[in-house]
Amino acid sequence: MTHLLKLRGVHKSFAHTEALRGVSLEVQRGEVVAVTGPSGSGKSTLLHCAAGVLVPESGAVTFDGQRLDELDEAARTRLRRREIGLVLQFGQLVPELTAVQNAALPLLLDGTDRRTARTAALGWLERLGVAEVADQVPAELSGGQAQRVAVARALVTGPRIVCADEPTGALDTVATEVVLTQLLAAVRDAGSALLVVTHDNRVAARADREVVLHDGALVGGQSVARS
Ligand code: ADP
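Residues numbered from 1 in each chain as written. Predicted model: local features only at pLDDT ≥ 70, side-chain atom pairs only at ≥ 80, totals over all residues. Heavy atoms only, no water.

(A) Spatial organisation of the overall build of the chain. Each helix and strand in the chain was counted, giving 7 helices and 11 strands. Here the C-alpha radius of gyration of the chain, 17 Å, is about what a compact globule of 227 residues would show, namely 17 Å. In the chain, which comprises 227 residues, the share counted as buried stands at 50%. Counted over contacts in the chain with a minimum sequence separation of 6, partners at least 24 positions apart contribute 67%. (Helix = DSSP H or I, 4+ residues; strand = E, 2+ residues; numbered from the N terminus. Rg over C-alpha atoms; globule rule 2.2 N^0.38 Å. Buried < 20%, exposed > 50% of the residue type's maximum accessible area, 1.4 Å probe, protein only. Contact = heavy atoms within 4.5 Å.)

Rendered as structure tokens:
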């Protein structure tokens, strides 16, 4: 079996909202899967369940043969830190840390020495075109710069899968191209995978596959093959 991530019959509700109604999805190693659909259709919830941020009420989330939904929060956090690169909407950088410290954070938390972590983080900031803001704090960054720092932070550990929620939402056309190219290269070089929530047709068009959510379910229960 080559699938890296597998969701089976995932249900997730918030109060009276059924955000996901039995979603099943497999992501293979090396695969780029775009998740599209109208606002409120459950895209972010799906991504959060896939990354082990949220635990579904029923259904299974399996990452590399391991049931994510059966791990406790500490174990999911550890797994995420090492193996799952997460890009959340609006970046969510640590306000007290500089851009390079934010990008290096997953490595530092995992015990990498400061100098090695800083060098790796700077390399990613450079590839993403934001090396010049390395020593600035998030309040001094534009939305697009902050988003690129958040992508650097997700890629710095060489994760097995990157789960990204609108990673180009704050970017202009040129920056979108830079971020997409780097995300796709990182995934292809490492034989990892990318699950990306997007409204942007340019992002969806570069994916191997697009799955469409509507009202908490994959439309037709089928994915749309692109290649
Ligand atoms: P999308 O990413 O497609 O816009 P979401 O996954 O954010 O959709 O949301 C799906 C549904 O779940 C929406 O109706 C939304 O209002 C609801 N929802 C999402 N997160 C929460 C939450 N933390 N609390 C309450 N309702 C939520």
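Past the structure itself, the notes keep going.
(B) View of the site of the ligand. Neighbouring residues of the ligand: Phe14, Thr17, Ala19, Pro38, Ser39, Gly40, Ser41, Gly42, Lys43, Ser44 and Thr45. Within the contact set of the ligand, an oxygen atom lies 2.7 Å away from a backbone nitrogen or oxygen of Gly40. Within the contact set of the ligand, an oxygen atom lies 3.1 Å away from a backbone nitrogen or oxygen of Ser41. Mapped by element, the contributors of at least two residues to the shell around the ligand are strand 2 (17-28) and helix 1 (43-50). Broken down by class, the residue content of the shell around the ligand amounts to 3 nonpolar, 7 polar and 1 charged. (Near = heavy atom within 4 Å. Polar contact = N/O pair within 3.5 Å; in protein donor to acceptor, adjacent residues only side chain to side chain. Nonpolar A, V, L, I, M, F, W, Y, C, P; charged D, E, K, R; others polar.)

(C) Structural detail: the environment of Ala146. Of note, Ala146 is situated in helix 5 (residues 143-155). Given a relative accessible area of 15%, Ala146 falls into the buried group. C-alpha of Ala146 to C-alpha of His214: the two residues are 68 residues apart in sequence and 30 Å apart in space. Aside from chain neighbours lying at most four places away, what touches Ala146 is Leu93 and Leu141.

(D) Fine view of the pairing of strand 9 (residues 209-214). Two elements, strand 3 (residues 32-36) and strand 9, share 4 bridges in a ladder whose sense is parallel. For Ala34, the partnering residue across the bridge sits in strand 9 and is Glu210. Across 2 bridges, strand 9 lies against strand 10 (residues 217-218) in antiparallel orientation. Bridge pairing in strand 10 places Leu213 opposite Leu218. Taking the residues that link successive antiparallel strands as the turn, the strand 9-strand 10 hairpin has 2 residues, and the phi of Asp215 there is positive, at about 55 degrees. (Pairing = 2+ DSSP bridges.)

(E) Up close: unusual backbone geometry. One non-glycine residue, Asp64, lies in the positive phi region at around 50 degrees. You can see Asp64 is positioned in the loop between strand 4 (58-63) and strand 5 (66-67). Phi is positive for Asp215, close to 55 degrees, though the residue is something other than glycine.

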